[in-house]
Amino acid sequence: MRISLKWLQELVELKLSPEELAETLTLAGFEVEDIEDRRTWANGVVVGRVLERQPHPNADKLSVCQVDIGKGENLNIVCGASNVRADIYVPVATVGTYLPNIDLKIKPAKLRGVPSEGMICSLKELGLPNDVDGIHIFTQDNLPLGSDVRPLLGLDDVILDVTATANRADALCMVGIAREVAALTNAKLLLREPGEISSSEGKFNLSLQIADTQVCPAYIGTVVENVKITTSPDWLQQRLRAAGVRPINNVVDITNYVMLEWGQPLHAFDRERLLSVAGTPTRPGTSLEIGVRFANAGETIKTLDGQTRTLSTQNLLITAGDKPVAIAGVMGGEETEVYDETQNLILEAALFDSVAIRRSSRSVGLRSESSTRYERGVNRAELEMATRRALSLLLELANGAIAHQEISDSRPDPSTWMRSIELRLDRVNQVLGPTDLGEDTGELQSQDVERTLTALGCKLTPIDENRWMVSVPPYRYRDLEREIDLIEEVARLYGYDKFCDTLPETAEAGYLPVDWELTRKLRSSLRAAGLTELMHYSLVKPGENRQIVLSNPLFVEYSALRTDLIAGLIDAFQYNIEQGNGSLNGYEIGRIFWQDEDGLSEAETVAGILGGDITSSKWVRSGREQPMTWFEAKGILNGVFQHMGLNVEYQPDCKDSRLHPGRTASLWIGGNRLGVFGQLHPQLRREKGLPDSVYVFQLDLGVLLTSLDAHEILVPPFKPYSTYPASDRDIAFFAPVKVSVAEIEKAITKAGKELLDGVELFDEYRGEHVPQGQRSLAFRLLYRASDRTLTDAEVQSVHNKVREALVEKFGVTLRS
């Protein structure tokens, strides 16, 4: 919220400079994001009077003006504005003035041969928004020449951009900030409550029909007749602009002004337009019914922003004769807005349930200053006060007359608006700890607690020496609910910086859980393999099997939970290709969700996608990418497994329709299914416009972590290596195609026992001279002992056992 210090000074005594006040508010929990010192925008700009205007002798669009700024000698100023003329008061930037908003320092100059000693300014050049194309002309008469223009334009002000936390709804208005400043600085509040407004009974009858008093506990409708719509006075426009609100007319500006001042949203309807919508003829004694109800599905309304909105049953409406005229607490309707010819008003001041307004606002995708305040909670105790303030301004600035007022009030008894909370001094000191007294430390005393809470508007009734019953004021009813809330307020006002830094007597080194450490290790291994980590939303489009669909989503596109990670990785690969970033090698670790017969389930998963050329060598391949083969992709994944100390088996698999049926494998560890690895199906690849060879994998992170030896991974032990030479033997044979290489390697390893140091497949052949239904495989076996050099006899003995095991188990035909 933008806070004008000039406005704030009328509500509380300011003892601090803008910078000191900003620091005080920030330390108290109200972050000041910016200090806008408007005093620098027009420093050196003074009031001048144009005495004479002549056309420029050498330029059609320029004028030569004689301007009096009260210095005794007139200034000769060349001006390019079309609205400059004689006998007007204007802002004049004298020589030496710097205008920061246009980054211009005024210097003596010659324009088309005519000297110019200053500049007549427009509001835009002074940093103020304005629709007029040309210089600014003061409407006041007999202004003192040479006087500072800043008080006339509202530029003698400093604006603080303050962010209030979500629980401090009371701080979304000037009065709330004034109360906070008074409590923080021990300053005196200068709030003036508006008096009672007299009304004259008119011939117009207004009735209220509130369908649900829970969502609308109070509604005040006031008929104001014979108003005059005009522009607001300068002081009102300046305050609205300082707050970031565009002035419209005096009636609308008054409703916005009271909302900014007291935090109570208001809305003014044109009475005759309401009657027209309700279908009621305008005549003496006319009666109009204003209603509050939820919308019927499919109803529409055109709001003040010019958009026609289709409503749902979550939208709370204001109606005239049961016809929608406003979305309650969010925005009024265009059909009943106040316009230049408006003569009679109905002013709405109401309380709405915060949850109902939040849902209504979100369902139509519309947030406003009004809905922001209702969503956080409007002070129910000051509804009448804000109404009186608005009516008094309508009488003063719009010459209106109060003709009738109707009230619907179902609020609880006012005695319940102040909550009582027990507060213990011992608990305060236990939570906050010792205070810093310079060379010594101490504790908060009773008077410290009483002083800070009293400054907030609380009333303290002593129970005994160290306990109070604290009555919370109505405007803090929503956020001060428990004893700990009061303790926080004591710390905030006393000063967080006045408490000691206390550390535990004995400090222990921090550590991460084992699963976290292992996951970090896995991430490191995947990065080392050349994969980039990706992150996607857990929410996806609905439509898949076993999906969990949200009952109240923010967007339709994100209304279901993902059932796997592969789909997101494929989309990411496609996006990178379309953006010209080339093929992607990436991985993601995240949760997946699904529902089955047992209910809802979730699991941690790691998945990856491979398809980019891992070499990218311009010298060898002339800059052309080489498609990745299945074995290269498998090698990358195997490298990760090897780094993690995992022995993974590959088995043929064709269950996932997105993957190539002949180039997909399921992964297993110790009889537990780890996941799947395979090449994308050619049909899916063509639909997505992807390269020829793209591979994906998805692993169950729980199974993977369970299979790891955590101690050996996190603290790798030293394993002695053999200093003796190895002896290798080759073995070639015809084996049935249905027998996988993984099964054969497993049998070789089992038969070779401790002397077998490695197994490597180096050749596969199918074709001529190979029996039907078989293939030729060639393995290289490496034998080594850790304590001696193996003899040929020892090697041959073990090698023969391997040959016999293969023949016995798989019926292979040996070729060597």
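Residues numbered from 1 in each chain as written. Predicted model: local features only at pLDDT ≥ 70, side-chain atom pairs only at ≥ 80, totals over all residues. Heavy atoms only, no water.

> Account for the overall build of the protein chain, naming residues and giving values.
Broken down by element type, the protein chain carries 22 helices and 42 strands. The C-alpha radius of gyration computed for the protein chain amounts to 40 Å, which surpasses the reference 28 Å derived for 816 residues by more than 25%, pointing to a less compact arrangement than a globule. Its C-alpha atoms give the protein chain principal-axis dimensions of about 120 × 85 × 75 Å. Residues counted as buried form 47% of the 816 residues belonging to the protein chain. Put simply, the protein chain shows about 42,400 Å² of open surface, and 47% of that area lies on carbon and sulfur atoms. Positive and negative charge centroids in the protein chain, built from 87 and 116 side chains respectively, lie 5 Å apart. (Helix = DSSP H or I, 4+ residues; strand = E, 2+ residues; numbered from the N terminus. Rg over C-alpha atoms; globule rule 2.2 N^0.38 Å. Buried < 20%, exposed > 50% of the residue type's maximum accessible area, 1.4 Å probe, protein only. Areas by Shrake-Rupley, 256 points an atom, 1.4 Å probe, with all protein chains shown as cover. Lys, Arg positive; Asp, Glu negative; His and termini not counted. Charge placed at Lys NZ, Arg CZ, Asp CG, Glu CD.)

> Tell me about the nonpolar core, and please be specific about residues and values.
Leu8, Leu160, Tyr219, Leu288, Ile318 and Phe352 are the most contacted members of the largest nonpolar core, which has 120 residues in total. Leave out the neighbours within four places in its chain, and Ile318 touches Tyr219, Phe269, Ile290, Gly291, Val292, Lys323, Pro324, Val325, Ala326, Ala328, Glu348 and Phe352. (Core = buried A, V, L, I, M, F, W, Y, C linked by side-chain atoms within 4.5 Å. Contact = heavy atoms within 4.5 Å.)

> For the sheet that holds strand S23 (residues 401-409), give the residues involved together with the corresponding values.
Across the sheet, which stays open at both edges, the four strands sit in the order S15-S22-S14-S23 with antiparallel pairing between neighbours. The strands lining the two open edges of the sheet, one partner per strand, are strand S15 (266-270) and S23. On average, each strand axis in the sheet is tilted by 20° relative to the strand beside it, whichever way the strands run. Where strand S14 (residues 218-225) meets strand S22 (residues 345-351), seven bridges bridge the pair, whose relative direction is antiparallel. Paired with Thr222 across the two strands is Leu347, which belongs to S22. Contacts between helix H7 (residues 271-278) and the sheet are confined to S14, S15 and S22, with S15 contributing the most and set at about 70° to the helix. (Pairing = 2+ DSSP bridges. Axes fitted to C-alpha atoms, helices over the stretch in contact; angles between N-to-C directions.)

> Requested: an account of the packing of aromatic side chains, with residues and values cited.
On inspection of all chains with the given rule, the structure shows 10 aromatic pairs. A ring pair is formed by Trp235 and Tyr257, whose centres lie 5.7 Å apart and whose planes are at 85°; its orientation type is edge-to-face. Within this pair, whereas Trp235 is found in helix H5 (residues 234-242), its partner Tyr257 is found in helix H6 (residues 250-262), the two being separated by 22 residues in sequence. Ring centres 5.9 Å apart and planes at 15° place the aromatic pair Phe733 and Phe779 in the stacked group. Within this pair, whereas Phe733 is found in strand S39 (residues 727-736), its partner Phe779 is found in strand S41 (residues 774-783), the two being separated by 46 residues in sequence. We note that Phe733, like Phe779, is buried. The cationic tip of Arg380 hangs over the ring face of Tyr477; the distance from NZ or CZ to the ring centre is 4.8 Å. A cation over an aromatic ring shows up here: Lys634 above the ring of Tyr650, its NZ or CZ 4.5 Å from the ring centre. (Phe/Tyr/Trp six-rings, centres within 6.5 Å; stacked < 30°, edge-to-face > 60°. Lys NZ or Arg CZ within 6 Å of the ring centre and 35° of its normal.)

> I'd like to hear about the sheet that holds strand S13 (residues 205-210), residue by residue, with values.
Working definition: the strands of a sheet are paired by backbone hydrogen bonds and lie parallel or antiparallel to each other. Ordered by their spatial adjacency, five strands build an open sheet running S13-S16-S19-S20-S21, and the pairing between neighbours is mixed. Pairing within the sheet leaves two strands with one partner each, and these edge strands are S13 and strand S21 (331-332). In this sheet, strand S20 (residues 323-327) lies alongside strand S19 (residues 316-320) in antiparallel orientation, the contact comprising four bridges. Bridge assignment links Leu317 to a residue of S20, and that residue is Ile327. Set on the sheet, H7 makes contact with strand S16 (287-294), S19 and S20; between it and S16 the angle comes to about 75°.

> Now, about helix H17 (residues 630-643): what can you tell me, with residues and values included?
Counting along an α-helix, one turn takes 3.6 residues, and residues three or four places apart therefore face a common direction. Under the 1.5 Å per step criterion, the end-to-end length of H17 is 20 Å for 14 residues, consistent within 8% with the ideal 20 Å. Among the residues of H17, Trp630, Ala633, Ile636, Leu637, Val640 and Phe641 are the ones counted as buried. One side of H17 carries all its buried residues, which in axial view fall inside an arc of 140°. Of the exposed residues in H17, the ones pointing more than 90 degrees away from its buried face are Phe631 and Gln642. Taken together, the buried residues of H17 touch helix H14 (514-528), strand S34 (599-610), strand S35 (649-652), strand S36 (659-669), strand S37 (672-680) and strand S38 (695-700). (Expected span 1.5 Å × (residues − 1). Arc of directions from axis to C-beta.)

> With reference to specific residues and values, describe the pattern of salt bridges.
Counted by the stated rule, this structure contains 49 salt bridges. For the salt bridge of Glu422 with Arg467, the shortest nitrogen-to-oxygen distance reads 3.0 Å. With Glu422 in strand S24 (residues 420-424) and Arg467 in strand S28 (residues 467-471), this residue pair connects regions lying 45 residues apart in the sequence. Note on Glu422: relative accessible area 33%, which makes it partly exposed. A relative accessible area of 29% means that Arg467 is categorised as partly exposed. For Asp757, the salt bridge identified is with Arg784, shortest N-O distance 3.3 Å. Placement of Asp757 in strand S40 (residues 756-765) and of Arg784 in the loop between S41 and helix H22 (792-810) is noted, with a sequence separation of 27 residues between them. Since its relative accessible area comes to 46%, Asp757 is described here as partly exposed. Taking the relative accessible area as the measure of exposure, Arg784 reaches 24% and is therefore partly exposed. (Salt bridge = Lys/Arg side-chain N within 4 Å of Asp/Glu carboxyl O.)

> How would you sum up the layout of surface pockets? Please name residues and give values.
Take a probe with the size of a water molecule and roll it over the atoms, and the empty space left behind shows itself. If you add up the space inside the largest pocket, you get close to 1,800 Å³. As for the largest pocket, its lining consists of 39 residues, and the residues nearest its centre are Lys634, Tyr650, Val741, Ala742 and Glu745. Contributing elements (two or more residues each) for the lining of the largest pocket: H17, S35, S36, helix H21 (741-752), S40 and S41. No other element matches the seven residues that H17 contributes to the lining of the largest pocket. Here the lining of the largest pocket is built from residues that sort into 17 nonpolar, 10 polar and 12 charged. (1 Å grid on protein atoms, 1.4 Å probe; cavity = no way out; pocket = protein on both sides within 12 Å on 5 of 7 lines; lining within 4 Å. Points joined across faces, edges and corners; volume = space filled by probe spheres on them. Nonpolar A, V, L, I, M, F, W, Y, C, P; charged D, E, K, R; others polar.)

Keep in mind that these numbers describe shape and distance, not what the molecule does.
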